[in-house]
Amino acid sequence: MTVLPADGLSLAAEFPDPAHEQWQSLVEGVLRRSGKDVAGSAAEEALSTTVEDGLITRPLYTSRDDAPDAGYPGFAPFTRGSKAAGNAVSGWDVRQWHSLTDPARLNEAVLTDLENGVTSLWLTVGGTAGVPVSGLARALDGVYLDLAPLALDAGGELDAAATELLRLYQARGVAAASVRGSLGADPLGQAARSGVAPDLTSAVHWAERCAKEYPGLRALTVDALPYHEAGGSAAQELGSSLATGVAYLRALTRAGLSVEAACAQVEFRYAATADQFLTIAKLRAARRLWARVAEVCGASGAGAQHQHAVTSPVMMTRRDPWVNMLRTTLACLGAGVGGADSVTVLPFDHALGLPDAFARRIARNTSTILLEESHLARVIDPAGGSWYVERLTTELAGAAWAFFQEIERAGGQAAALASGLVGERLAATWAARSKDLARRKEPITGVSEFPQLTERPVERETAPGTGATPAGLPVVRRDEAFEALRARSDAHLAATGSRPRVFLAALGPASAHTARATFAANLFQAGGIEPVHDPVSVDASTAVGAFAASGAGVAVLCSSDALYAEQAGAVASALRAAGAQRVFLAGRPAEYPDVDAYVFAGCDVVAVLSSVLDRMGVA
C-alpha cells in the first residue's frame, strides 16, 4: 500500500514549469510546417483573431494577462455579481415574455408558465402588440401578485398601465412592501426604436412614486436591446446603456432623489448571445462600468446593477428554427454564469410569430435544466479567475467606456440619437458583420451552413404589431440576407413546381471530388438552389447529356486541382455548348477556359447566389 506524504500529493511535482517562450517555440514549428515562417510573439499573433470592437482573442491566456482586481461578489465594483451570494441561493429569476392582445389567452399562458417553473412575467401592454390596459386585470386573474414579480413594457401607455397595475395591487390586498418588478419606463429606449424625441416627465414621476411607496418596484428600465437589434456590438450596447442610465440619473437627481434612490429605480436589460464567453464578459463589464458611474456620483455602494438578460433576437433564424434551441441554451448559460438577476429565454419560434405552447415550454425548461440538473447556480461567479474571461471583461469594459465617452461628448444619449451618431456607429458595425455573414466567416447553422431544402417550413400565427415600420433604429437579423434568397426560391417553387437547380459536374473518382462537391452543394442550397449530382462523375463526353437531363441553368465543376488542370477547360466548354448560363468552379480562382466564376471558402456567398438567381430569372 502506498502512503501519501503528510502534506498531500502534488500531481505536477515531477514536471518542470514550462516557459511561455517554450510554448511559442512549439507554435513556430507548427506554423512553419503550414508555410508561415514567423517567430516569437509574431507566432502567437498569427493564431490570434480580431473580433468586433477591435478586441483580439489570443490562443493562450496565462497569469501574465493581468486584469484589475475583480473584488468580491456583492461588493464594488460588483464585477463578480451584484449580490454577495450571486445566484447560488435560488438561481436566477426565470422571466417569461408574453406579447398577446387577448386577455384570456394571455391569462392561460401566464398561469401555465407560473405553474411550470417561471418565477416572473414580462408583459407587453398597450399598443398594437400587447394586451390592452383595460384587459390587464383579466390577464392576471389567478396570479399571486405578491409572489410573481411583473415587468411591464408599455411604451407610450406607461401612465395608464402603471396606474392600472398599482390599482390591481391595492384591490388584491398586496402590501406595498411585497410589490416587486419593473414598470419598464424607458423613454430613451422608445426614442431609439421610434425616432420620436424622448420625454422623461412620466418616467421621473413614477420613479418618485415608487421610491416613496413601493421600494421593491423599479420605475425605469435601461433597455439595450434596441442597440443590439440594430446591429451594434457588445461594446456599443454597453456604451449606449451606460449613457442612457446616466441620463436617467441626472433626471432623477434633478427631481430631488438621492443618487442611491435614483440607482435603485433603474434596471438594465441586455442581450445574451450564443457566444457564451462574450455574454459572460459583457454582463460582468456592465456591472463594473455602472459601479464606476455610481462611484463618480459619490455613491459607490449603490452601484449594484440589477440585470435582466434576454436571449438575442438577432441570432434567431426562421429556417431550421429547431437550432434556435441550442442557441438559446448557450445564451442562457452565458447569462446565468455572467450573473444576470433575471433571464428570459425567447421561444425557438420567436422569429416566426407567436410561440406555441411547446415552444414556451422549451423556453422555460431551458433555465430549469441549467439550474436544477446542471447545477449552474451552485457556484458564485463560475467564470471568475479565468484569465481569458477576466481579460475579455477588462478589454470590453474599456471599449464600452470609450463609446460612452463619445456619446457624452456629443451631448448625451438623447442628443447622440437625434444627431444620428449612435445610428451611424451601429450601422457601420452591422455593415462589417454583414460581410462576414455573407462570406460565412460567421456561419449560421441551418441557414448559410447545412440548410435543409426539403424540410417543411414551421408556420406560426402572426405576432401582433408585425409589419409596423419604426422611424428609429433598424431591426436586423443574422439570417436576413439568406432569408431573402430562400424567399425567392420558395416563390419560384410555388410558381413552377420546382426549385432553381445547379448541376454538379464532378470530375474523376469520389475521392477526388467529394469534398468540393459537398461544399458546392451546401453553398448553393443556402440560396434555395437545388443541387443535382447525377451521374456521380462526368467528363467532356458525358457532361452535355447529364446537364440537359438535370434541368439546371448553371453548373459547377467539382474536383481536385490536378484533375482541373487536365479536364476543367474541356468540360466547361462542353457545358457552355449545352446551354449553361454560367459555369462555376469549386476552388480558388485560376485561369480555366469557359469558367465564369469561382466558389471557395471566404467568397461572397450572398453575391454569388443572388447573381445566379438573377441569371435564372428567379424574381
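Here the structure is a predicted model, which means the values were calculated and not measured.

The rules we used
- Residues numbered from 1 in each chain as written.
- Predicted model: local features only at pLDDT ≥ 70, side-chain atom pairs only at ≥ 80, totals over all residues.
- Heavy atoms only, no water.
- Helix = DSSP H or I, 4+ residues; strand = E, 2+ residues; numbered from the N terminus.
- Buried < 20%, exposed > 50% of the residue type's maximum accessible area, 1.4 Å probe, protein only.
- Contact = heavy atoms within 4.5 Å.
- Areas by Shrake-Rupley, 256 points an atom, 1.4 Å probe, with all protein chains shown as cover.
- Lys, Arg positive; Asp, Glu negative; His and termini not counted.
- Charge placed at Lys NZ, Arg CZ, Asp CG, Glu CD.
- Core = buried A, V, L, I, M, F, W, Y, C linked by side-chain atoms within 4.5 Å.
- Pairing = 2+ DSSP bridges.
- Axes fitted to C-alpha atoms, helices over the stretch in contact; angles between N-to-C directions.
- Disulfide = S-S within 2.5 Å.
- Phe/Tyr/Trp six-rings, centres within 6.5 Å; stacked < 30°, edge-to-face > 60°.
- Polar contact = N/O pair within 3.5 Å; in protein donor to acceptor, adjacent residues only side chain to side chain.
- Expected span 1.5 Å × (residues − 1).
- Parallel < 35°, antiparallel > 145°, perpendicular 65-115°, else oblique.
- Nonpolar A, V, L, I, M, F, W, Y, C, P; charged D, E, K, R; others polar.
- Salt bridge = Lys/Arg side-chain N within 4 Å of Asp/Glu carboxyl O.
- Right-handed = clockwise from strand over helix to strand, strands pointing away.

Caption draft 1: The overall build of the chain, seen in detail. Helix and strand counts for the chain come out as 21 helices and 15 strands. Per-residue burial over the chain gives 51% buried out of 619 residues. Relative to all contacts within the chain whose residues are 6 or more apart in sequence, the contacts with residues 24 or more apart total 76%. Surface exposure of the chain reaches about 26,600 Å², of which carbon and sulfur atoms provide 55%. Where the 53 positive side-chain charges of the chain centre and where its 67 negative ones centre are 2 Å apart.

Caption draft 2: The nonpolar core, seen in detail. By size, the foremost hydrophobic cluster in this structure holds 115 residues, and its most contacted members are Leu123, Val125, Leu140 and Leu183. When residues of this core are assigned to their parent elements, the largest contribution, eleven residues, is made by helix α9 (residues 234-254). Excluding residues that lie within four positions of it along the chain, Val125 makes contacts with Gly130, Val131, Val133, Leu136, Leu152, Asp153, Ala154 and Ala161. Judged by nonpolar contacts, the second largest core, of 55 residues, contains Ile444, Ala505, Ala586 and Val606.

Caption draft 3: Summary view of unusual backbone geometry. Going from Ala76 to Pro77, the amide bond is cis rather than trans, its omega being 10 degrees. Its location among the elements puts Pro77 in the loop between β2 (56-57) and β3 (93-98). With phi around 50 degrees, Asp381 is a residue other than glycine that occupies positive phi space. Topologically, Asp381 is positioned in the loop between α13 (357-373) and α14 (387-409). Judged by its relative accessible area of 8%, Asp381 is buried. One non-glycine residue with positive phi stands out, namely Arg440, at about 60 degrees.

Caption draft 4: Expanded view of the sheet that holds strand β9 (residues 306-311). In space, the eight strands of this closed barrel follow the order β3-β4-β5-β6-β7-β8-β9-β10, with parallel pairing throughout. When strand polarity is set aside, the average angle formed by the axes of neighbouring strands in this sheet is 30 degrees. The pairing of strand β8 (residues 266-272) with β9 spans six bridges and is parallel. Across the sheet, residue Phe268 finds its bridge partner in β9, namely Gln307. Its contacts with the sheet put helix α11 (residues 276-296) on β8 and β9, and the angle it makes with β8 is roughly 155 degrees. Of the strands in this sheet, β8, β9 and β10 (342-344) touch helix α12 (residues 324-338), which is tilted by about 170 degrees from β9.

Caption draft 5: Quick peek at the state of the cysteines. The final tally for this structure, using the stated rule, is zero disulfides. In this structure Cys603 is a free cysteine whose sulfur lies 13 Å from that of Cys558, the closest cysteine sulfur available. Residue Cys603 is classed as buried on the basis of its relative accessible area of 6%.

Caption draft 6: Structural context of the environment of Leu289. Mapping Leu289 onto the fold places it in helix α11. For the pair formed by Leu289 and Thr462, sequence separation is 173 residues and the distance between their alpha carbons is 39 Å. Filtering out sequence-adjacent residues up to four positions away, Leu289 remains in contact with Leu238, Leu242, Ala397, Ala400 and Trp401.

Caption draft 7: Quick peek at the packing of aromatic side chains. Under the definition given, this model contains eleven aromatic pairs. Their ring planes at 10 degrees and their centres at 6.3 Å tell us that Phe268 and Tyr270 sit as a pair that is stacked. Residue Tyr270 is classed as buried on the basis of its relative accessible area of 1%. Pairing Phe524 with Phe584 gives two aromatic rings, centres 5.7 Å apart and planes at 70 degrees, and the pair type is edge-to-face. In this pair, Phe524 sits in helix α18 (residues 510-525) while Phe584 sits in strand β14 (residues 582-586), placing the two residues 60 residues apart along the sequence. With respect to burial, Phe524 and Phe584 carry one shared label: buried. Here a set of aromatic residues connected by ring pairs shows up, and it is made of Tyr61, Phe277 and Tyr388.

Caption draft 8: Up close: the side chain of Asn522. Along the chain, the position of Asn522 falls in helix α18. At 2.7 Å, the side chain of Asn522 and the backbone nitrogen of Phe450 are in polar contact.

Caption draft 9: Up close: helix α16 (residues 421-438). In this model α16 runs 26 Å from its N-terminal to its C-terminal C-alpha over 18 residues, within 8% of the 26 Å that 1.5 Å per residue would give. Among the residues of α16, Leu421, Val422, Leu426, Thr429, Trp430, Leu437 and Ala438 are the ones counted as buried. Where the residues of α16 are buried, they touch α8 (225-229), α9, α14, α15 (413-419), α17 (480-496) and α21 (605-615). One or two positions beyond α16, positive phi appears at Arg440, with a value near 60 degrees.

Caption draft 10: Structural detail: the sheet that holds strand β15 (residues 597-599). Taken in spatial order, the five strands make up an open sheet running β12-β11-β13-β14-β15, and their pairing is parallel. At either end of the open sheet lies a strand with only one pairing partner, and these are β12 (530-532) and β15. For this sheet, the mean inter-axis angle between neighbouring strands, taken without regard to orientation, is 30 degrees. Here strand β11 (residues 501-506) runs beside strand β13 (residues 554-558); their pairing, made up of five bridges, is parallel. Residue Phe503 lies in a different strand from β13, and its bridge partner there is Ala555. Packed onto the sheet, helix α20 (residues 561-577) meets β11, β13 and β14 and runs at close to 170 degrees relative to β13.

Caption draft 11: The packing of helix α6 (residues 187-194) against α9, seen in detail. Remark: α6 packs on α9, axes separated minimally by 9 Å, with the N-to-C direction vectors making an angle of 135 degrees. It follows that α6 is oblique to α9 by the angle criterion. For the pair formed by α6 and α9, the contact residues are Pro187, Leu188 and Gly189 on the first element and Thr244, Ala247 and Tyr248 on the second. Looking at the contact of α6 with α9 residue by residue, the class counts come to four nonpolar, two polar and no charged.

Caption draft 12: Spatial organisation of the pattern of salt bridges. Enumeration over the complete set of coordinates arrives at 35 salt bridges. Here Arg284 and Glu390 are joined by a salt bridge, their closest N and O atoms 3.1 Å apart. Within this pair, whereas Arg284 is found in helix α11, its partner Glu390 is found in helix α14, the two being separated by 106 residues in sequence. Note on accessibility: Arg284 and Glu390 belong to one class, buried. Overlapping salt bridges bring together Arg80, Arg284, Asp381 and Glu390 as one network.

Caption draft 13: Looking closely at the pairing of strand β5 (residues 150-153). Where strand β4 (residues 120-124) and β5 come together, four bridges link them in parallel fashion. Directly across from Leu123, in β5, lies its bridge partner Leu152. Between the parallel pair β5 and strand β6 (residues 181-185), the chain is carried across by helix α5 (residues 158-171), and the sense of this crossover is right-handed.

Just distances and angles here, no functional claims.
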